[in-house]
Amino acid sequence: MLALIILPGSIGHAASSPMPFSVALIGDMPYDAKGQTQTPAVINEINQSEIQFTLFDGDTMSGKGDKCTDDNYTRIKSDFFDKFSRQIFYSIGDNEWTDCDRAVKGAFNPSERLAKVRSMFFRNSGGYIKLGQRPLITQVIHDALYPELQMFSFRGITVIIPHVVGSANNAAVARPAYRTYNDAPTDGDDAEYKLRDAANVAWIKKGFDKAIADRSLGVIVVVQADMDWQGYNRKAASPDNEFTQAFDNTKQALLTNAIKFKKPVLLQNGDAHWYQVDQPMNETGGKIVEGDKGSLMENFTRIQTFGSGFNHWVQLVVNPQDPKLFSFVPHIVKANVDVHTALN
C-alpha cells in the first residue's frame, strides 16, 4: 500500500527543469554534546545557502550516551529539525531505536522506541509529518506500513529513502559468531529485520520504477548504514566481526535497479562520520562482488557524509548539463574547525 502527500505545485518531467540546483547532505548530528554546540552553525550555513532541501542520513543522537527518552526526541525535533528553513528529509539511524536497549541509553525496548520515532517524525494522528519550516513543492509518497519509507521526484531527480540502519540492521546476532551491539550475548530481532528488509527491497524497486516512469535523469538513495561494501567489517577478527550480510539484499536491490536504470545513481550514507566519495559497487553476472573483482558499476556513486565530531556539510550540485549529473562541494564550517598543533 502507498500513501501520498500532495503539496501545492506540479511535478514536471526531467526535460522541463534543466537548470542546476543544489541539495544539502548531512548526517550524524547533533549526536553528542559537541554536536549540540556546533550543529547550529551547520544549520545556519545551510539556511543561508541556495539549496532546495536537505537530505539527512540519520543518527540524531549518540549510541554511547544519549538516552532514548521521549524528552530527548522532543528536544531533537525542536532544536534540530525545526530549525531548518527548508524541508529536511530524514532516514532513520540505529542510535534512534536499534541501540536503545543498551544500558547506557536507558535499556529501552527497541521496537517500542521505533514506534515512538515514527509517531514523532513521520506520521501521527494528524497525518504525515513534514520536517523543516517550508515544505518542498513536490509529491511525497510514503509506505503505509513503514511511514519512514519515502520517495519523491524533483526537477528531474528521484529520491528514495528506505530504512537501513547500522548495528547489523537489527538482524539477530549472537557472540562469539558475530559482534553484538548491546553489551549482551545476543542482539537484534530477526522477525522485525526480515519484514523491514523485504519492504526496503520492494521500496527501492518502486522508487526506480517511478524514476523510469518520470524519465528522471538520476536517482538518489539515502540510508544510514555504511553497508560494508568491501567486507572489511564482516572479515574482522572476533569479537569485532560484524554480520554485515544483513545489508546484502539492499545492496543487491541497488545493483539490479541501477543496471536497469542505466543513468546516474547516488547512494548517500552516514554511520562512519567521515566524508568520502567513492564508487564501491562491482558486479559479475548481475551479482555484487567485493574488492577488485568483477566489473565496476560506472553509474553508481556513494557519498558518506560528515558527522559526529566532524560537524560540516556537503553541497550536492545536480547539473543536468553535466554527463556525470552529480558533483560535490564539501563545506567546512569555520566556527567548527578544530585547533591543530604540529609535533615539535
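Before any of the text, the structure's been laid out above.
Residues numbered from 1 in each chain as written. Predicted model: local features only at pLDDT ≥ 70, side-chain atom pairs only at ≥ 80, totals over all residues. Heavy atoms only, no water.

A. The nonpolar core, seen in detail. Grouped together as the largest cluster of nonpolar side chains are 30 residues, with contacts concentrated most on Ile26, Phe80, Phe81, Tyr90 and Phe121. Put simply, the parts of the chain that give this core at least two residues each are strand S2 (21-26), helix H1 (33-48), helix H2 (70-79), strand S4 (88-90) and helix H3 (110-121). Sort the elements by how many residues they give to this core and H3 lands first, with four residues. Of all hydrophobic cores here, the second largest spans 28 residues; its members include Met151, Phe208, Trp229 and Leu254. (Core = buried A, V, L, I, M, F, W, Y, C linked by side-chain atoms within 4.5 Å. Buried < 20%, exposed > 50% of the residue type's maximum accessible area, 1.4 Å probe, protein only. Helix = DSSP H or I, 4+ residues; strand = E, 2+ residues; numbered from the N terminus.)

B. Broad picture of the pairing of strand S18 (residues 300-304). Summarising burial for S18: five of the five residues are buried, a large majority. Neither face of S18 is exposed, since Phe300, Arg302 and Gln304 on one face and Thr301 and Ile303 on the opposite face are all buried. As paired elements, strand S13 (residues 265-269) and S18 share five bridges and run parallel to each other. Along S18, the bridge assignment pairs Gln268 with Ile303. In this structure, strand S14 (residues 276-278) lies alongside S18, joined through three bridges in antiparallel fashion. By the bridge assignment, Asp278 is partnered in S18 with Arg302. (Pairing = 2+ DSSP bridges.)

C. Here's a closer look at the state of the cysteines. Applying the stated criterion to the full structure yields one disulfide. Across the disulfide from Cys68 sits Cys100; the S-S distance is 2.0 Å. Between Cys68 and Cys100 the sulfur-sulfur dihedral comes to about -85°; the bridge is accordingly left-handed. Taken together, the residues Cys68 in the loop between strand S3 (54-56) and H2 and Cys100 in the loop between S4 and H3 connect sequence positions 32 residues apart. (Disulfide = S-S within 2.5 Å.)

D. Inspection of the sheet that holds S2 at higher detail. The strand order across the open sheet built from five strands is S4-S3-S2-S19-S20, with neighbouring strands paired in mixed fashion. Each edge of the open sheet carries a strand with a single partner, namely S4 and strand S20 (326-331). Taking the axes of each pair of neighbouring strands and ignoring which way they run, one obtains an average angle of 25° across the sheet. Pairing of S2 with strand S19 (residues 313-318), which is carried by five bridges, proceeds in the antiparallel orientation. Looking at S19, one finds that Val23 is bridged to Leu316. (Axes fitted to C-alpha atoms, helices over the stretch in contact; angles between N-to-C directions.)

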